[in-house]
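Breakdown of the fold
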Amino acid sequence: MTTDFTIIFDEYMPLKELVFTTLKKAIIKGELQPGDRLMELQLAEKMGVSRTPIREAIHKLSREGLVTLIPRKGAEVAGMSRKTLNDVLTVRKDLEILAFRLAFESISKEQMEDLSRRMSAFEEAVDEDDILKMVDADEQFHSVIYEAAANNKLRDILNDLKESMYRYRLEYLKDSAYRKRLEKEHRALVDSILKKDLKKGLSVAESHIENQKKAVLGRIDQDGSEKKREALYER
């Protein structure tokens, strides 16, 4: 690992968050590649910090699916697995549809306005070509629906899945064609609520996840990430 990391210190942000954000951006930008080892001591020296915030950042990255913790081997940048994607999206699909169905019935005027703002924020991020903002805006869009469903247990489960989906959502948004598709799907979901068209909304919600699944599987097949990952475990 030859990448140099520069932390831009911010008096308003805790050190552990700065370390986490720096490593996360390095993975997202490809400065750290799937299979790269993340050694606490080496990273601490490069970043000029102690090992504690490094360790905390690595564990947080593992919860977001960006890092894999391997017994007796340590941590490494995660590849993408077909099985993991299928497992997560199989569960998410049914829960998202349930959340949308519940939100359709109970969403407030304020939440509807918030949903529209999140939709616009995503479109602005697309115009700016800022992938991190896109991911955040997309997550926030869905979070409004989770809250509007008014079911705390369902919301908590979906928020846990959100962390597992981060890497895949990122891959999906790397292609500009998929970004435009996502914009249309967001607008269709909002429009279905405004027009009280539950059938259309449920159809869009289902295809929304299926389109994401197909796109990311295509990228996994294209770059061979899964084969690289399997080879690492066989060493």
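The structure reproduced in this document is the subject of the present report. Because the structure is predicted, anything quoted here is derived from the model rather than measured.

About the cut-offs
- Residues numbered from 1 in each chain as written.
- Predicted model: local features only at pLDDT ≥ 70, side-chain atom pairs only at ≥ 80, totals over all residues.
- Heavy atoms only, no water.
- Pairing = 2+ DSSP bridges.
- Helix = DSSP H or I, 4+ residues; strand = E, 2+ residues; numbered from the N terminus.
- Phe/Tyr/Trp six-rings, centres within 6.5 Å; stacked < 30°, edge-to-face > 60°.
- Buried < 20%, exposed > 50% of the residue type's maximum accessible area, 1.4 Å probe, protein only.
- Lys NZ or Arg CZ within 6 Å of the ring centre and 35° of its normal.
- Contact = heavy atoms within 4.5 Å.
- Salt bridge = Lys/Arg side-chain N within 4 Å of Asp/Glu carboxyl O.
- Axes fitted to C-alpha atoms, helices over the stretch in contact; angles between N-to-C directions.
- Parallel < 35°, antiparallel > 145°, perpendicular 65-115°, else oblique.
- Left-handed = near helix turned anticlockwise from the far one by under 90°.
- Expected span 1.5 Å × (residues − 1).
- Polar contact = N/O pair within 3.5 Å; in protein donor to acceptor, adjacent residues only side chain to side chain.
- Nonpolar A, V, L, I, M, F, W, Y, C, P; charged D, E, K, R; others polar.

By the bridge criterion, two bridges tie strand S1 (residues 37-38) to strand S3 (residues 74-77) in an arrangement that is antiparallel. Paired with leucine 38 across the strands is alanine 75, a residue of S3. What sits between the antiparallel neighbours strand S2 (residues 67-70) and S3 is a turn of three residues, in which arginine 72 has the positive phi angle 70 degrees.

With that settled, consider the packing of aromatic side chains. Taken as a whole, this structure holds two aromatic pairs when the rule is applied. Summarising the aromatic geometry, the rings of phenylalanine 100 and phenylalanine 104 are spaced 6.2 Å apart at their centres and angled 50 degrees between planes, so their arrangement reads as tilted. Of this pair, phenylalanine 100 and phenylalanine 104 both sit in helix H4 (residues 82-106), four residues apart, roughly one helical turn. Given the relative accessible area of 8%, phenylalanine 104 is considered buried. Ring centres 5.3 Å apart and planes at 10 degrees place the aromatic pair tyrosine 172 and tyrosine 178 in the stacked group. Here lysine 60 stacks its cationic end above the ring of phenylalanine 20, 4.3 Å away from the centre of that ring.

What follows concerns the side chain of serine 192. By the element assignment, serine 192 lies in helix H8 (residues 176-194). Classification of serine 192 by relative accessible area gives buried; the value is 0%. Apart from residues lying up to four places away in sequence, serine 192 is in contact with Phe100, Phe104, Asp197, Lys200 and Gly201.

On to the environment of glutamine 33. Among the structural elements, glutamine 33 can be located in the loop between helix H1 (15-28) and S1. On the basis of relative accessibility, which here comes to 41%, the residue glutamine 33 falls in the partly exposed class. When the C-alpha atoms of glutamine 33 and valine 77 are compared, they prove to be 6.3 Å apart, with 44 residues separating the residues in sequence.

Tallied over the entire structure, the rule returns 19 salt bridges. Glutamate 183 serves as the salt-bridge partner of lysine 180, at 3.7 Å between the closest nitrogen and oxygen. Residue lysine 180 and its partner glutamate 183 are located together in helix H8, separated by three residues, close to a single helical turn. By relative accessible area, lysine 180 is classed as partly exposed at 43%. The network of salt bridges with common partners includes Glu40, Arg51 and Arg55.

This part covers the packing of H4 against helix H7 (residues 152-173). Two elements in contact, H4 and H7, have axes whose closest approach is 10 Å; the angle formed by their N-to-C orientations is 135 degrees. Put simply, H4 runs oblique to H7. You can see that H4 and H7 cross each other, and the crossing is left-handed. Along its contact with H4, which presents Thr84, Leu85, Val88, Leu89, Val91, Arg92, Leu95, Glu96, Leu98, Ala99 and Leu102, the element H7 presents Leu154, Ile157, Leu158, Leu161, Ser164, Met165, Tyr168 and Arg169.

The subject of this paragraph is helix H6 (residues 131-148). For H6, with 18 residues, the first-to-last C-alpha span of 26 Å sits near the 26 Å given by 1.5 Å per residue. Taken across its 18 residues, H6 has 13 buried, putting it largely inside the fold. Two to three positions downstream of the cap, the backbone nitrogen of leucine 132 sits 3.2 Å from a side-chain oxygen, assigning the N-cap of H6 to aspartate 130. One or two steps after H6, the chain reaches alanine 150, where phi turns positive at roughly 60 degrees.

With that settled, consider the packing of H6 against H8. Viewed as axis vectors pointing N to C, H6 and H8 meet at an angle of 20 degrees, and their least axial separation amounts to 12 Å. Comparing their axes, H8 and H6 come out roughly parallel. Judged by the sense of rotation from one axis to the other, the crossing of H6 with H8 is left-handed. Contacts between H6 and H8 involve Met134, Asp138, Phe141 and His142 on the former and, on the latter, Arg179, Leu182, His186, Leu189 and Val190. Split by residue class, the contact of H6 with H8 holds five nonpolar, two polar and two charged.

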